[in-house]
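Each chain, letter by letter, is given below.
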Amino acid sequence: MVGRRIPSSAHWLRAYCSTSCLILPPPTMALHSPPCLFQPLGNPASSCQKWSERLDAGLRKPHVHGRQAADEEGFLDSYGRMLHRYVGSSSSPPGARSLQLELTKLGFVGDLFLSNTLVNLYAKSGNLTVARQVFDEMPHRNAVSWTCLISGHSQWGQPDEACRLFRSMVSAGFPPSEYTFGSVLRGCQDSGPRSLPLGAQVHGVILKSGYSLDPVACNALISMYGSCSLDSMVSVRRIFEGAPKGNLVSWNSIISVCSQKGEAPSAYELFLAMQRSDLGLRPNGYTFGSLISATYACPAPRASLFACLLDQLLSQILKSGFLEDLYVGSALVSAFARLGVLDRAKKTFLQMQKRNAVSMNGLMVGLVKQKQGEEAADIFRQVNDPGLVNEDTFVVLLSACAEFSAPEAGKRTGREIHGFITRNSLGDDKVAVGNGLVNMYAKCSAIEEARRVFELMGAKDQVSWNSIISGFDQNGLFQEALTSFRKMRIGDASPSNFTLISTLSSCSSLAFLRFGEQVHCDGVKAGLDLDISVSNALLTMYGDCGQTSESQRVFWSMPDHDLVSWNSMIGVLADSETHLPQSMGVFREMLRGGWHPNRVTFINILVASSSLSLVNQGRQAHALVVKHGLSEDVAVENAMLSCYARSGCIGASEQLFILMSGRRDNLSWNSMVAGYVDNGLLPEAMDLVWLMMNDGQKLDNFTFATVLSGCAAAGALERGTEMHGFRVRSQVESDVVVESTLVDMYSKCGRVNYAARVFAAMPSRNRYSWNSMISGCARHGDAAGALRLFREMQLSQRPDDVTFVSVLSACSHAGLVEEGLQYFDDMAGSYGVEPRMEHYSCVVDLLGRAGMVEEMESFLRRMPMEPNALIWRTVLAACCRTKDRARMALGGLAGEKLMELEPENPVSYVLMSKLFASVGKWEDVARARSSMRTAMVRKEAGCSWVTLKDGVHTFVAGDRSHPEAEEVYRELLLLIQRTRVVGYAPQTGSALYDLDSEEKELLLSHHSEKLALAFVLIRSSSGLPIRIMKNLRVCGDCHLFFRCSSQVVGREIILRDSIRFHHFANGRCSCGDYW
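Here the structure is a predicted model, which means the values were calculated and not measured.

Participant: How would you sum up the pairing of strand β4 (residues 1053-1056)? Please name residues and give values.
Facilitator: The alternating pattern of β4 places Ile-1053 and Leu-1055 and Ile-1054 and Arg-1056 on opposite faces, both of which are buried. With four bridges connecting them, strand β3 (residues 1026-1030) and β4 associate as parallel partners. Of the residues in β4, the one forming a bridge with Ile-1026 is Ile-1053. A crossover connection joins β3 to the parallel β4 through helix α57 (residues 1036-1049); in handedness this β-α-β unit is right-handed.

Participant: Provide a residue-level description of the sheet that holds strand β2 (residues 951-956), including the pertinent values.
Facilitator: Here six strands make up an open sheet; going across it, the order is β2-β1-β3-β4-β5-β6 and the pairing mixed. Edge positions in the sheet fall to β2 and β6 (1068-1069), since each of these pairs with one other strand and no more. When β4 meets strand β5 (residues 1061-1065), the two strands line up antiparallel, connected through four bridges. Looking at β5, one finds that Arg-1056 is bridged to Phe-1061.

Participant: Residue-level account of the environment of Lys-443, with values.
Facilitator: Position of Lys-443 among the secondary structure elements: in helix α24 (residues 431-443). On the accessibility criterion, Lys-443 (41% relative accessible area) is partly exposed. Excluding anything up to four places from it in sequence, Lys-443 contacts Ala-402 and Gln-474.

Participant: With reference to specific residues and values, describe the packing of helix α14 (residues 248-260) against helix α15 (residues 264-276).
Facilitator: Two quantities define a packed helix pair, namely the angle between the helix axes and the distance between the axes. Interhelical geometry of α14 versus α15 gives an angle of 160° and a closest axis separation of 8 Å. Our classification of the angle between α14 and α15 gives roughly antiparallel. By crossing handedness, the relation of α14 to α15 is classed as left-handed. Touching Leu-248, Trp-251, Ile-254, Ile-255 and Cys-258 of α14 are Ser-266, Ala-267, Leu-270, Phe-271, Ala-273 and Met-274, all from α15.

Participant: Could you give an account of the packing of aromatic side chains, naming the residues involved and the relevant values?
Facilitator: Following the criterion strictly, the structure yields 27 aromatic pairs and no others. Seen in terms of ring centroids, Phe-790 and Phe-804 are 5.5 Å apart; in terms of plane orientation they differ by 70°. Their pairing is edge-to-face. Pair noted here: Phe-790 is in helix α45 (residues 783-793) and Phe-804 is in helix α46 (residues 801-814), with a separation of 14 residues, a long-range link. Aromatic pair Phe-1042 and Phe-1064: ring centres 5.7 Å apart, planes at 50°, arrangement tilted. Of this pair, Phe-1042 sits in helix α57 while Phe-1064 sits in strand β5; the two residues are 22 residues apart in sequence, bridging distant segments of the chain. Phe-1064 carries the same exposure label as Phe-1042, and that label is buried. One aromatic cluster is present, formed by Phe-790, Phe-804, Tyr-823 and Tyr-831 through successive ring pairs. Note that Lys-460 overlies the ring of Phe-454, its terminal NZ or CZ placed 5.0 Å from the centroid. Positioned above the aromatic ring of Phe-1041 is the side chain of Lys-1010, whose terminal nitrogen or guanidinium carbon lies 5.2 Å from the ring centre.

About the criteria used
Residues numbered from 1 in each chain as written. Predicted model: local features only at pLDDT ≥ 70, side-chain atom pairs only at ≥ 80, totals over all residues. Heavy atoms only, no water. Buried < 20%, exposed > 50% of the residue type's maximum accessible area, 1.4 Å probe, protein only. Helix = DSSP H or I, 4+ residues; strand = E, 2+ residues; numbered from the N terminus. Pairing = 2+ DSSP bridges. Right-handed = clockwise from strand over helix to strand, strands pointing away. Contact = heavy atoms within 4.5 Å. Axes fitted to C-alpha atoms, helices over the stretch in contact; angles between N-to-C directions. Parallel < 35°, antiparallel > 145°, perpendicular 65-115°, else oblique. Left-handed = near helix turned anticlockwise from the far one by under 90°. Phe/Tyr/Trp six-rings, centres within 6.5 Å; stacked < 30°, edge-to-face > 60°. Lys NZ or Arg CZ within 6 Å of the ring centre and 35° of its normal.

Okay, here's the thing in structure tokens:
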């Protein structure tokens, strides 16, 4: 019995030693001197040879009688049996727990080889806690002990712990083997870019340890750099070129890295180089699989080229017999489907003699990538084979539901799949299925159902959090996305680049700069900030939060850029008023770098050109558009329409619009309408709107908002009322922007009561709604109403800088000095709004209108910034109104400043003339007018216009070109006589000429607004209000005349000048003669 057992044990021991680097102790020493058994030996192979020789020597020794011989025989018998059961057998081991019990029972607890085997078994089975416990209890360890534990943590998704153990191993003085390096590098690879520094250190240790030419270490280095390094191909190629080339695994590793990085040309070049070499290497299934997957990231324009490449590869696969390989066949099916060659994908799928779930899933994934969700679901129904279904099948099916052309149909199919999964308990412990459900519901706009699925998931991984955060962001629930990110960081899950991209998108939408900065810090800590997609999201976030300089810092610190990077940077600069010109410089830098602009690039550049009114640059961009073959891209054409229109080239816009016949979309029509409105061509805009309706084009909220804003600017009440009526009849969905524009239109056209009705009926209001109504009240002299609305606004909306301009303006026109100053003081402290130049101008106007010139002068000295032309113009106007001649010095200073800042502005010369005329300095008035002529500046002619049923009638002071001029002048003379009876007396001080009183009265009597009033009276005898528009401010004489006329004719007269509205009724004005 003994003779039969000992050779058996020796055979297994020798067989294991011949293939392993593990160190076995001699049996006799194991019994008598355990303290010296476990020292690591220098050469594992020679050590194994020694133990084999010693065992053979023991077998050749003469038979030993007595206790020692029996002990040795029992030891060898037990040891050999354990080796046979747990190491040497090709069958699966009975289990780590069984080995641990036998070690304890037979007294081999301290045996190094068997202890390492025990650690290895626990680690491979995923029981890392017990593996670590056994490892810690080992009295002695060697490099193999550490390697087994490191390998287990890498295998079971704990790369950080694997890396930490490697550091401890090196610190303890144990030299790593090639297998140790392979395990720790796999841990670095799984950790991603943040473990690149450690991977580089391991690389250094490999070089020092002499393993730089070892195939195992080199292949692990190639894979690690491929996953962790941003310039991966540089490092990977350097390692590959220095490694032995006779190993197929090395070629496969570098081809796989190229495939993962989407560098298909490099992958195929390496494949050709391998075939042309004289190494005699033949590609295997892994080689073909990597080459096929390299086509997955193929850009759409090159799909046909890659499809041809796959056809050639398929021929070689058929010759090599690898189509029967499930991995290769499944990859081929998926690749053809992804490229849109669906017939070839299905044919390849049917050619496969062996098919599994991966094959069918690959076909369905390709269809999903081609946005053909319904086709993918049909494939699943047609196959109807339970053997071809696994949990990934349901994940793919759920992703197909999100790609249905009809979202409701996709949601309905997704719910059916959800019900099937629930009934069959297929998703109870499958995280991937739960993730698929969350993703499906989120993409089908059923975000609340996605939330419920997520909350009911027992286990969540990184993909789970990414799915719900991305879902919240895509469905506009930005606050919930940020809350989910915060919960994720509190838990154990670490963010990925997808997590950061979705979270930064939500920060951009909410303009949450501080939260975005915290996410940026998380990205830096995780080593993800240099990921090109994360960097793109960062520079967009900073741009949307108004931190353009920070966006530029992120952009220029990026180690590499893609087309999205350039487009994002140009877009951020194009949206910034202060950095707008720099967008052109970045675009030129992009072209110098050899980049080819796409539609997004051109849209951003055209937006920048239109904002800068650079028509020449717009034309150059147009030429580049034609050169790059995008001249018929509707989105680019729409941007060109806007660019030409905003640059004043409305003719070029019209030509382009005509050429777009057949390609126009809603945005094309709206761009053209907006172009007409921006250029003051409201009749043409209205004509185009009617053409839109006749052409069957649906008017959207943007159309209504654009036309209504044009009506507001032109004071075209009738046109605005028509658009309002048409919108009501069209039953367009309620929109807060359009309704706010209606409020603004009615208030600017003199119907503040209509504006109040629209405002009261609005189901929801935003800040623009409140600002429009407050501004309307202020413009119509209703300061009490404006301040009341301001108080109500604070219950639901936070006031902004525009709100305070309206509030301060209301106080200014009503003489509420104390209230206005109090609101100005509270802006920064109570409301967090920093005063801008417009607010300082309002305060200067407030003090100037009240005649508080000294206080105004003191306020000017306290201003934190240098006054601009607007402030000095306000000061000069205030000095013109005051009766204090001692303030001529301040008025003169304001005039000098205006001449320096705006020498081409005629208003400055007019105000200076008025200042001198108010104190009778006619020589100075003459000099001011002479200076105006010398500067070749012409004062805008004062004109007034009224809109009647037959169109718009315009009048200029003293003009007799109107067809009904004689009747107008005759009616005006009668009206002047009637108004004198009720107290009108010409205010000759408003005439800035050195003439006698009669001549001044004659000049004043022919002002354009008086002519317009007389015209309306001869045309209309009804009691409806009379509405007159004027391009300049109304003078004091006309204001008095209109006040008296309202009493004489018994009708309300609404006069809109360049500043505000005056409502005259029964001899009174809404401004209270304080304007």
